[in-house]
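A structural walkthrough
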Amino acid sequence: MIKLTELLEEQEAKKLRVFDFDDTIATTKSKVILTDKNGNMSKLTPAEFAIYREQPGDNLDFSEFNQVISPQEIKSVTNILRKLYTATGMRRITVLTARKGTAANDIKQFLQTIGINNIEVVGVGSADPHAKADWIETKIQQGYNDVFFIDDARPNIMAVKQLSMKYPDVKWNIKLADYMRELN
């Protein structure tokens, strides 16, 4: 019986490079508007929304969040993205965001303004960490065997780390982006 590791040695790595957008590639002023059951309204940042757990009676308005408002590049991450983008060899580079797919054009437009063109942008439309892990798992099932993943949300990192345990024959590089350190 042939092991997956033996097959991987015989074939070239099929590389998948996945970058989160909010608070990883860029900061924005986009917010999720929350109205609780008592009618109190507040605005959640992308980082707050990533860890928010919806309560009964909550109403979430994503109209502002589905726009990329005042994006500011996080250069420590975009420099990595640029290196991978210009590197030789084959790789699939994807920006994987919790935003809905409707934000993809705004994200692509921002990337173009910083000199990064023709990058795939996928909006999973969910803050559930498993939504991103599920998307990556689909790509592994399509033959990707070398995965780089960077995200600022620890729950997303943990979901992908669980995936890495499920697929030990895949080469994994999972990074937590911490743009706040960059500001200090």
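This text follows the structure it describes.
Here the residue numbers are simple positions, counted from 1 along each chain's written sequence. This being a predicted model, a pLDDT of at least 70 is required before a residue's local features are given, and a value of 80 or more before pairs of side-chain atoms are given or counted; all residues contribute to the totals for chains, interfaces and linings. To get the side-chain values, all heavy atoms of the structure are used, and hydrogens and water are removed first.

Numbering goes from the N terminus for both helices and strands, where a helix is a DSSP run of H or I of at least four residues and a strand is a run of E of at least two. A helix is expected to span 1.5 Å for every residue after the first. For helix α5 (residues 129–141), spanning 13 residues, the distance from its first C-alpha to its last is 19 Å, which sits close to the expected 18 Å at 1.5 Å a residue. Contacts are residue-level and defined by heavy atoms, with any inter-residue pair within 4.5 Å sufficient. Contacts from the buried residues of α5 go to β1 (15–19), β7 (91–97), β8 (120–123), β9 (146–151), α6 (154–166) and β10 (171–176). Residues adjacent in sequence count toward polar contacts only when both atoms are side-chain atoms; beyond that, a polar contact is any pair of N or O atoms within 3.5 Å, and within protein one must be able to donate a hydrogen and the other to accept it. Put simply, D128 is the residue that caps the front of α5, since its side-chain oxygen is 2.9 Å from the backbone nitrogen of H130.

Paired strands, in this sense, are two strands between which DSSP finds at least two bridges. The strand order across the open sheet formed by three strands is β4-β3-β5, and the pairing between neighbours is antiparallel. Because the sheet does not close on itself, it has two edges, and the strands there are β4 (41–44) and β5 (59–61). Neighbour-to-neighbour, the strand axes of this sheet turn through a mean angle of 25°, independent of strand direction. Note on method: axes are straight lines fitted to C-alpha atoms, helices fitted across the in-contact stretch only, with angles between N-to-C directions ranging 0 to 180 degrees.

Spanning 13 residues, α6 covers 19 Å between terminal C-alpha atoms, matching the ideal 18 Å at 1.5 Å per step. When α6 is considered as a whole, its buried residues turn out to be N156, I157, A159, V160, L163 and S164. Projected down its long axis, α6 shows its buried positions confined to an angular sector of 160°, all on one face. Set apart from the buried face of α6 by more than 90 degrees, the exposed residues are R154, M165 and K166. Elements in contact with the buried residues of α6: α5, β9 and β10. Relative accessibility under 20% of the residue-type maximum defines a buried residue, over 50% an exposed one, and the middle range a partly exposed one, all with a 1.4 Å probe and only protein chains included. Arc definition: it is the arc formed by the directions from the helix axis to the C-beta atoms.

Once that is clear, we can look at the pattern of salt bridges. If charged atoms from side chains of opposite charge come close, those side chains can pair. Salt bridge, as applied in this entry: a Lys or Arg side-chain nitrogen positioned within 4 Å of an Asp or Glu carboxyl oxygen. A complete count under the given rule lists eight salt bridges for this structure. For K43, the salt bridge is made with E64, and the minimal N-O distance between the two is 3.2 Å. In this pair, K43 is assigned in strand β4 and E64 in the loop between β5 and β6 (72–73), connecting sequence segments 21 residues apart. Among the residues examined, E64 registers a relative accessible area of 16% and is labelled buried. Residue D151 is joined to K132 by a salt bridge in which the shortest nitrogen-to-oxygen separation is 2.8 Å. One end of the pair, D151, is in strand β9; the other, K132, is in helix α5, and 19 residues separate them in sequence. The same class applies to D151 as to K132, namely buried. Residues participating in the shared-partner salt-bridge network are D20, K132 and D151.

Nonpolar cores were defined as sets of buried Ala, Val, Leu, Ile, Met, Phe, Trp, Tyr and Cys residues, with membership established by side-chain atoms within 4.5 Å. Of all hydrophobic cores here, the largest spans 23 residues; its most connected members are F19, F21, I25, V95, I107 and L111. Per-element accounting of this core gives the leading share, four residues, to helix α4 (residues 104–113). Leaving out residues up to four positions away in the same chain, F21 has contacts with A26, T28, V68, V95, L96, T97, R99, I107 and F110. In this structure, W135, I140, Y144 and A159 belong to the second largest nonpolar core, which totals 19 residues.

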